[in-house]
Structure formats: C-alpha cells, structure tokens
Amino acid sequence: MFARFTEGARRAVVRAGILALDAGRPALDADLMLLGLVEARPFSLAAFTASGRDVRERVDAGDAHSLLATLGIDLDLVHRRTRAGADTSAAWRLRRSRLRPLRVTLYGPLGQIPLAMHARKVIEVAMWRPGPVTGEGLLWGLLADYSNGAARILHDAGVDLGALVREVGMPVR
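Reading guide: rules and limits
Residues numbered from 1 in each chain as written. Predicted model: local features only at pLDDT ≥ 70, side-chain atom pairs only at ≥ 80, totals over all residues. Heavy atoms only, no water. Helix = DSSP H or I, 4+ residues; strand = E, 2+ residues; numbered from the N terminus. Buried < 20%, exposed > 50% of the residue type's maximum accessible area, 1.4 Å probe, protein only. Contact = heavy atoms within 4.5 Å. Axes fitted to C-alpha atoms, helices over the stretch in contact; angles between N-to-C directions. Parallel < 35°, antiparallel > 145°, perpendicular 65-115°, else oblique. Left-handed = near helix turned anticlockwise from the far one by under 90°. Salt bridge = Lys/Arg side-chain N within 4 Å of Asp/Glu carboxyl O. Pairing = 2+ DSSP bridges.

Enquirer: Explain the overall build of the chain to me, and be specific about the residues and the numbers.
Expert: Per the secondary structure count, the chain includes 9 helices and 3 strands. Secondary structure elements of the chain, listed N to C terminal, follow the sequence α-α-α-α-α-β-β-β-α-α-α-α. Sorting the 173 residues of the chain into buried and exposed places 43% on the buried side. Partitioning the intrachain contacts of the chain with sequence separation of at least 6 by distance along the chain shows that 60% fall at a separation of at least 24.

Enquirer: Summarise the environment of W140; cite the residues concerned and give the values.
Expert: Within the secondary structure layout, W140 lies in helix 7 (residues 135-144). Judged by relative accessible area, which is 12%, W140 ranks as buried. Along the sequence, W140 and V125 sit 15 residues apart, while their C-alpha atoms lie 7.4 Å from each other. Discounting chain neighbours no more than four positions away, the residues touching W140 are V125, R129, V168, G169, M170 and P171.

Enquirer: Please provide a residue-by-residue account of the packing of helix 6 (residues 117-128) against helix 7, values included.
Expert: At a closest axis distance of 7 Å, the pairing of helix 6 and helix 7 adopts a crossing angle of 125 degrees. The orientation of helix 6 relative to helix 7 falls into the category oblique. Relative to helix 7, the crossing made by helix 6 is right-handed. Only G137, L138, W140, G141, L142 and A144 of helix 7 make contact with helix 6, whose side of the interface consists of V122, I123, V125 and A126.

Enquirer: Let's hear about unusual backbone geometry: which residues, and what values?
Expert: Even without being a glycine, R41 presents a positive backbone phi close to 45 degrees. Its place among the elements puts R41 in the loop between helix 2 (30-40) and helix 3 (52-56).

Enquirer: So what's going on with the pattern of salt bridges? Residues and values would help.
Expert: Oppositely charged side chains may form a pair once their charged atoms are brought near each other. Per the counting criterion, the structure on display carries 8 salt bridges. Two residues, E39 and R56, come together in a salt bridge whose shortest N-O distance is 2.6 Å. Of the two residues, E39 is situated in helix 2 and R56 in helix 3; the sequence distance between them amounts to 17 residues. On the basis of relative accessible area, E39 is assigned to the partly exposed category, the value being 31%. With relative accessibility at 33%, the residue R56 sits in the partly exposed group. With a shortest N-O distance of 3.5 Å, D156 and R152 are connected by a salt bridge. With D156 and R152 both in helix 8 (residues 150-156) and 4 residues apart, the pair spans about one turn of that helix. Looking at D156, the relative accessible area reads 40%, which means it is partly exposed. Salt bridges sharing partners connect three or more residues here, namely R15, E39 and R56.

Enquirer: Explain the sheet that holds strand 1 (residues 93-96) residue by residue, including any values.
Expert: Ordered by their spatial adjacency, 3 strands build an open sheet running 1-2-3, and the pairing between neighbours is antiparallel. Lying at the two open borders of the sheet, with one neighbouring strand each, are strand 1 and strand 3 (111-114). Going from strand to strand, the sheet's axes swing by 20 degrees on average, the running direction of each strand aside. Summarising the sheet, strand 2 (residues 104-108) and strand 3 pair through 4 bridges and their orientation is antiparallel. Bridge assignment links T105 to a residue of strand 3, and that residue is P114.

As structure tokens, then:
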C-alpha cells in the first residue's frame with residue numbers, strides 16, 4: 001500500500017506506528033496517526049500551527065522516559081544504540097489482509113501493529129484521491145471523520161480548523 005505514498009507521508013505513518021509500539025498499544029489509532037503527522041510534518045501548511053509538544057500533551061503516547069529515568073536509564077540513548085535504521089520508512093510495509101480486507105497492518109523492524117478502524121479510515125480517505133498519498137491527504141483523512149478525535153486535539157492545541165480545512169482544500173458543505 002505504501003507504493004503511492006510520498007516519502008513524507010510514509011515517514012508520518014511509520015512514526016505513528018513506532019509511537020504505538022513504544023506505548024504498548026494493541027493497535028495504531030488516529031490520535032497517534034496525528035502525532036506522527038505532526039512530528040514528521042510532511043507538508044508546509046501555514047494554518048497547521050500545532051507543535052509536537054502541543055499534540056503530545058493531548059495524546060497518551062506512554063511515558064517510558066520518566067519511568068526509566070528514575071532507574072538511571074536514558075531511553076533516547078538506548079533507542080539510538082538499538083534502533084539504528086529501524087525508523088527508516090523503506091524498512092516498513094503497510095499491507096491489507098487478503099483474508100480480512102478490513103484489516104490493515106504496519107510491519108517493520110520493530111514489530112507489527114494493526115491499524116484501528118479510525119486510523120485505517122485515514123489511510124482509505126487519503127488513498128481515495130487519485131495520485132500520490134501526501135501528508136495533506138493524511139491530514140484530510142484525519143479531519144474527514146470528526147469522531148476520531150483529531151479535530152478536537154488540533155482545536156485544543158489552538159489550530160484554526162476552518163483555515164486549515166480551506167488551506168488543505170477539503171470540500172465544505
């Protein structure tokens with residue numbers, strides 16, 4: 001499925017998957033898809049004013065850093081030593097199950113994680129449009145389904161959603 005993704009969009013999905021695996025989540029959901037998109041920033045949208053810190057405060061991404069720091073372990077150092085090259089997007093695959101077509105899974109060197117319904121919908125919406133899947137397309141997928149919570153997180157982070165929707169070019173009724 002990654003064949004149509006731009007490098008930036010692929011990096012955003014891979015980042016979201018790594019965040020979900022690190023947090024011990026059973027599936028990749030839309031909140032971490034948003035955080036991965038914010039951290040990878042595969043676009044230059046003036047209306048997208050949320051920072052990684054703004055979104056991370058509103059998303060449960062786990063807090064292994066502080067827990068391990070109490071034991072004197074620097075998690076960033078451990079990641080640099082043990083994960084060299086594991087976050088390169090070329091090492092990851094996004095696949096739909098042939099037997100269960102609603103099941104989409106992200107596979108990579110750090111493990112595999114299925115996409116929860118809302119995250120799968122983000123991918124489906126982004127792939128619906130012809131041409132390459134871009135960061136803007138992923139953002140469109142996040143904003144197209146209000147029930148996934150991404151719009152609420154962005155609003156709470158101070159993003160002008162109306163301006164963002166206009167800049168991305170989403171149709172508005």
